[in-house]
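Structure assessment
This is what each chain is made of:
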Amino acid sequence: MTKQNLVRPCLVLFTALSVITGVVYPLAVTGVAGALFPKQAAGSLVEQNGKAVGSALIGQNFSDPGHFWGRPSATAPQPYNGSGSSGSNQGPLNPALTDAVKARVEALRAADPGNTAPVPADLATASASGLDPHISPEAARYQAARVARVRGLSAIQVQQLIDAQVQRPALPFLGEPTVNVLALNLALDALAKR
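Figured I'd write up the structure that's included with this text. Note that the structure is a prediction, hence the values are computed from the model and not measured.

Considerations on the overall build of the protein chain
Helices and strands together make up the secondary structure of the protein chain, namely 7 helices and 5 strands. Overall, the protein chain shows an N-to-C arrangement of helices and strands of α-α-β-β-α-α-β-α-α-β-β-α. Its C-alpha atoms give the protein chain a radius of gyration of 23 Å, clearly above 16 Å, the size a compact globule of 194 residues would have. In terms of overall dimensions, the protein chain has a C-alpha envelope of 80 × 45 × 35 Å along the principal axes. For the protein chain, the residues scored as buried account for 28% of the 194 residues in total.

Right under this line is the structure:
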């Protein structure tokens, strides 16, 4: 077989695979996902009063002391930018990482000077994607006194709110308990309106 005889089958195979993997497969997967998991396929949007206020899958930049703060974002130029998802790729010996963690710890200490507990690691370090919407229950509890004081709530009310928002894995070996920061802050806002 000559080279000229191979060109046509190669082009036909290339075109067929491009259509199958670039058009047919993505449309089929999107259609099945939309039919079986409509909320997740639409971005797991969180709605309040009929308006989307965020996604359960992407963190938000809460900086008001009356709200719980999430993990730091590693995206630029704006925090929690879904199109800029990436980690910082800074190793533990990198001075830039050390400086960033120190600055984050100082900001947490400045927001709640009376809190002498150790700062949980997830409040001082970004996640691998830079978009993580969850914190550990310990990170939420670390912030509870500040939020209660600023909101004029009792520590018990805020602790009960945190406990109600803890999401546990289906099986213990599949991960750690987490708290979705957006859901926690929405519950906090609803509690304050009562």
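Some remarks on the environment of Val-166
Tracing the backbone shows Val-166 in strand S4 (residues 166-167). Overall, Val-166 belongs to the buried group, its relative accessible area being 15%. As for Val-166 and Ala-110, which are separated by 56 residues in sequence, their C-alpha atoms are 26 Å apart.

A look at the pattern of salt bridges
Under the defined criterion, the tally for this structure stands at 4 salt bridges. Arg-141 serves as the salt-bridge partner of Asp-163, at 3.5 Å between the closest nitrogen and oxygen. In this pair, Asp-163 is assigned in helix H6 (residues 155-165) and Arg-141 in helix H5 (residues 137-151), connecting sequence segments 22 residues apart. A salt bridge links Arg-151 to Asp-189, with the nearest nitrogen and oxygen atoms 2.6 Å apart. Of the two residues, Arg-151 sits in helix H5 while Asp-189 sits in helix H7 (residues 181-193), which places them 38 residues apart along the sequence. Of the residues examined, Asp-189 reaches a relative accessible area of 24% and is grouped as partly exposed.

Comments concerning the sheet that holds strand S3 (residues 134-135)
With antiparallel pairing, 3 strands are arranged side by side in an open sheet as S3-S5-S4. Among the strands making up the open sheet, the edge pair consists of S3 and S4. With 2 bridges connecting them, S3 and strand S5 (residues 178-180) associate as antiparallel partners. For His-134, the partnering residue across the bridge sits in S5 and is Asn-180.

With respect to the layout of surface pockets
Volume-wise, the largest pocket comes out at about 310 Å³. Lining the largest pocket are 14 residues, and of these Asn-61, Phe-62, Trp-69, Gly-70 and Pro-72 sit closest to its centre. Residue contributions to the lining of the largest pocket peak at 3 residues, all from helix H3 (residues 95-111). For the lining of the largest pocket, the class distribution of residues is 7 nonpolar, 5 polar and 2 charged.

Examining the pairing of strand S1 (residues 45-48)
Here 4 bridges tie S1 to strand S2 (residues 51-55), and the two strands are oriented antiparallel to one another. Bridging across to S2, Glu-47 finds its partner in Ala-52. A loop of 2 residues connects S1 with S2, the two strands running antiparallel in sequence, and Asn-49 in this loop sits at a positive phi of about 55°.

How each quantity is defined
- Residues numbered from 1 in each chain as written.
- Predicted model: local features only at pLDDT ≥ 70, side-chain atom pairs only at ≥ 80, totals over all residues.
- Heavy atoms only, no water.
- Helix = DSSP H or I, 4+ residues; strand = E, 2+ residues; numbered from the N terminus.
- Rg over C-alpha atoms; globule rule 2.2 N^0.38 Å.
- Buried < 20%, exposed > 50% of the residue type's maximum accessible area, 1.4 Å probe, protein only.
- Salt bridge = Lys/Arg side-chain N within 4 Å of Asp/Glu carboxyl O.
- Pairing = 2+ DSSP bridges.
- 1 Å grid on protein atoms, 1.4 Å probe; cavity = no way out; pocket = protein on both sides within 12 Å on 5 of 7 lines; lining within 4 Å.
- Points joined across faces, edges and corners; volume = space filled by probe spheres on them.
- Nonpolar A, V, L, I, M, F, W, Y, C, P; charged D, E, K, R; others polar.

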